[in-house]
Amino acid sequence: MRVGILGSGLMGGKLGTIFARAGHEVIFSYARSQQKLSKLAREGKGKARPGLPREAAQEADAVLLAVHWSRIGDVLNQTGDLSGKVIVTCSLPMNDDNTELVVAHTSSGAEELAKRVPGAQVIAAFNTVPSEVLFGVFEARGNPARPSLVYCGDKQAGKHVAATLIRDVGFDPVDAGPLRMARYTEPFGLLVGQLAYEGKGGPELAYRFERFGK
Ligand SMILES: NC(=O)c1ccc[n+]([C@@H]2O[C@H](COP(=O)([O-])OP(=O)(O)OC[C@H]3O[C@@H](n4cnc5c(N)ncnc54)[C@H](OP(=O)(O)O)[C@@H]3O)[C@@H](O)[C@H]2O)c1
């Protein structure tokens, strides 16, 4: 599929590279330097190219939104109308110094985003793992015991697209239900971040849910 990357930093740069290596057409957009977008496109090694946010969004089957919470308004101003688009967001609603969620409990970043783009299908995904683990998960995708990745959203078609991308990265997609479940997945992302960055063993951390009993 065609995937537009809005925010080509730690998450967008790596996920876009993986999507391209998995065979998708990728447009990298929204970084502070054009050279960075061009380099990412070269290193994607597949059908990847740099572009403007408008091109990344308008030509895409799915858009990955991977910017800081404070940049959401700016990037949405540059994409044009996103009605009908599948927006996979990994963005967490963090304050400026990334110490706290500014939306939580009674709403979530994903729900607030959905209010800003009412015609789009917003899916929250990739927000519960650190960027450092992504290439490792992709390289290990042939192993039978894949790490889990929770995602949620209100529209089945968009969720199907997100699950495909999640699987292509090497995770086992875990459908957490409607978009309001982002109220739980977003703080969970902070827990995983705490374990990754402050725990023992380094940031290349993923998680796996297992069921026991019948
Ligand atoms: N990093 C993680 O492990 C992680 C995990 C889970 C969720 N998240 C969430 O994912 C989202 C993205 O995080 P990230 O770590 O990937 O952030 P990041 O590395 O800072 O990437 C943000 C992207 O936005 C671009 N950008 C920022 N200001 C801009 C401006 N004024 N004009 C144009 N481009 C601009 C940056 O450009 P440059 O490339 O030039 O800097 C970068 O490409 C955040 O909401 C974060 O909370 C991150």
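Source: prediction; values computed, not measured.

(A) Molecular detail of the site of the ligand. The environment of the ligand is formed by 21 residues, the closest being M11, R32, K36, V67 and S131. In the model, an oxygen atom of the ligand is placed 3.4 Å from a nitrogen or oxygen of the Y30 main chain. Contacts to the ligand include R32, whose side-chain N or O atom sits 2.7 Å from an oxygen atom. Relative to its unbound accessible surface of 880 Å², the ligand loses 78% to contact with the protein. Counting atoms within 2 Å of the grid points, the majority share of the ligand lands in the largest pocket. Here the shell around the ligand is composed, by residue class, of 11 nonpolar, 7 polar and 3 charged.

(B) Looking closely at helix α2 (residues 34-44). By the burial criterion, the buried members of α2 are L37, L40, A41 and G44. Buried residues along α2 cover an arc of 100° about the axis, so they all sit on one side. In this structure, α2 carries Q35 and R42 as exposed residues pointing more than 90 degrees from its buried face. For α2, the elements touching its buried residues are α1 (10-21), β2 (25-29) and β3 (48-50).

(C) Molecular detail of the layout of surface pockets. Of the pockets and cavities examined, the largest pocket occupies roughly 1,100 Å³. Lining the largest pocket are 34 residues, and of these L10, M11, V67, H68 and N98 sit closest to its centre. Every element with two or more residues in the lining of the largest pocket is listed here: α1 and α8 (182-198). Here the element with the most residues in the lining of the largest pocket is α8; it accounts for 7 residues. When grouped by side-chain class, the residues that make up the lining of the largest pocket number 16 nonpolar, 13 polar and 5 charged.

Cut-offs used in this document
Residues numbered from 1 in each chain as written. Predicted model: local features only at pLDDT ≥ 70, side-chain atom pairs only at ≥ 80, totals over all residues. Heavy atoms only, no water. Near = heavy atom within 4 Å. Polar contact = N/O pair within 3.5 Å; in protein donor to acceptor, adjacent residues only side chain to side chain. Areas by Shrake-Rupley, 256 points an atom, 1.4 Å probe, with all protein chains shown as cover. 1 Å grid on protein atoms, 1.4 Å probe; cavity = no way out; pocket = protein on both sides within 12 Å on 5 of 7 lines; lining within 4 Å. Sits in = over half its atoms within 2 Å of the grid points. Nonpolar A, V, L, I, M, F, W, Y, C, P; charged D, E, K, R; others polar. Buried < 20%, exposed > 50% of the residue type's maximum accessible area, 1.4 Å probe, protein only. Helix = DSSP H or I, 4+ residues; strand = E, 2+ residues; numbered from the N terminus. Arc of directions from axis to C-beta. Contact = heavy atoms within 4.5 Å. Points joined across faces, edges and corners; volume = space filled by probe spheres on them.

It is worth stressing that arrangement in space is one thing and function is another; only the former is reported here.
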